[in-house]
Amino acid sequence: MNVNRRSSISEGYRNIRTNIQFSGWNQNLRVIAVTSTQAGEGKSTTISNLAVAYAQEGKNVLLIDADLRHPSQHSIFNLSNRVGFSNLLADQCSYGDIVHSTVVENLSLVTAGPVPPNPTELLSSDKLPEVIAAWKECYDIILLDTAPVMAVADGLIVSSLADGVVIVILAGKVKREYIQKAKEKLEHAKASILGVVLNQKKYSKSEANQYRYYHQ
């Protein structure tokens, strides 16, 4: 994973980090889930860059790939996925076996592990809140990459255990009605929605010039 702290993209993720902090100014937001309505909207890329932004702030960050059906964080960080989160939830390994250091200072990663036959059952067990509570003792911020909420129940289960959830939406590809249904599902699961990241938004020429000027 390449990290350029001076790029406009890095600045964009720092802005997301700041907006999350302001949205929860009267809360202690330490466990944050990132989801989407459907696959391919960029949630995993968004959360990995958000994790870097928090780590660069000096926070001790743990990024967990809780998308047990289509994991991707091991590929983003070029790490092994032989043993991971699914093994821990199934009581097949210990906590220390699955926490990886990354090339980013202050950022650790738990990969998803082998795709289990029963992802929803694993995530809905009593083990998940126990695991999150244990890691809260060790890390300032825990970020959870979750499955899309309109596809399966996995993302709703994970999001309900977070202090807040961010929804990533691919600009121009998702209908408003679909987004509204995803919002309603999260609210029904008693997840606290912090906001939305509109991914791959195309700017007009004047907007793009203003953006470049601001980041010079």
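The structure under discussion appears in the preceding block.
Just so we're clear, the structure is a prediction, and the values are computed from it rather than from any experiment.

1. Remarks on the pairing of strand β5 (residues 141-145)
Looking along a regular strand, one sees the side chains alternate between the two faces of the sheet.
(1) Moving on: The buried count for β5 comes to five of five residues, which makes it a mostly enclosed element.
(2) Moving on: Burial along β5 is two-sided: Ile141, Leu143 and Asp145 and Ile142 and Leu144, pointing in opposite directions, are all buried.
(3) Moving on: Two strands pair when backbone bridges link them, and strand β1 (residues 31-36) and β5 are joined in this way by four bridges, in the parallel orientation. The residue bridging alanine 33 from the neighbouring strand is leucine 144, located in β5.

2. Some remarks on helix α6 (residues 127-136)
(1) Moving on: Restricting attention to buried positions, one finds in α6 the residues Lys127, Leu128, Val131, Ile132 and Trp135. Down the axis of α6, the buried set is contained in an arc of 130°. They therefore lie on one face.

3. Thoughts on the environment of leucine 63
(1) Moving on: Assignment of secondary structure puts leucine 63 in strand β2 (residues 61-65).
(2) Moving on: Accessibility expressed as a relative area gives 0% for leucine 63, which makes it buried.
(3) Moving on: As a C-alpha pair, leucine 63 and leucine 50 span 13 residues in sequence and 9.6 Å in three-dimensional space.
(4) Moving on: Aside from chain neighbours lying at most four places away, what touches leucine 63 is Ile47, Ser48, Ala51, Gln73, Phe77, Leu107, Ser108, Leu109, Val110 and Leu143.

4. Structural notes on the sheet that holds β2
(1) Moving on: Spatially, the seven strands line up as an open sheet ordered β3-β4-β2-β5-β1-β6-β7, and their pairing is mixed. Of all the strands in the sheet, just β3 (99-101) and β7 (193-199) have a single pairing partner and so form its edges. In this sheet, neighbouring strand axes are inclined to one another by 25° on average, regardless of whether the strands run parallel or antiparallel.
(2) Moving on: Where β3 meets strand β4 (residues 107-110), three bridges bridge the pair, whose relative direction is antiparallel.

5. Description of unusual backbone geometry
(1) Moving on: Located in the positive-phi region is aspartate 91, a residue other than glycine, with phi close to 60°.
(2) Moving on: With phi around 80°, asparagine 106 is a residue other than glycine that occupies positive phi space.
(3) Moving on: Locating asparagine 106 in the fold gives a position in the loop between β3 and β4.

Calculation notes
Residues numbered from 1 in each chain as written. Predicted model: local features only at pLDDT ≥ 70, side-chain atom pairs only at ≥ 80, totals over all residues. Heavy atoms only, no water. Buried < 20%, exposed > 50% of the residue type's maximum accessible area, 1.4 Å probe, protein only. Helix = DSSP H or I, 4+ residues; strand = E, 2+ residues; numbered from the N terminus. Pairing = 2+ DSSP bridges. Arc of directions from axis to C-beta. Contact = heavy atoms within 4.5 Å. Axes fitted to C-alpha atoms, helices over the stretch in contact; angles between N-to-C directions.

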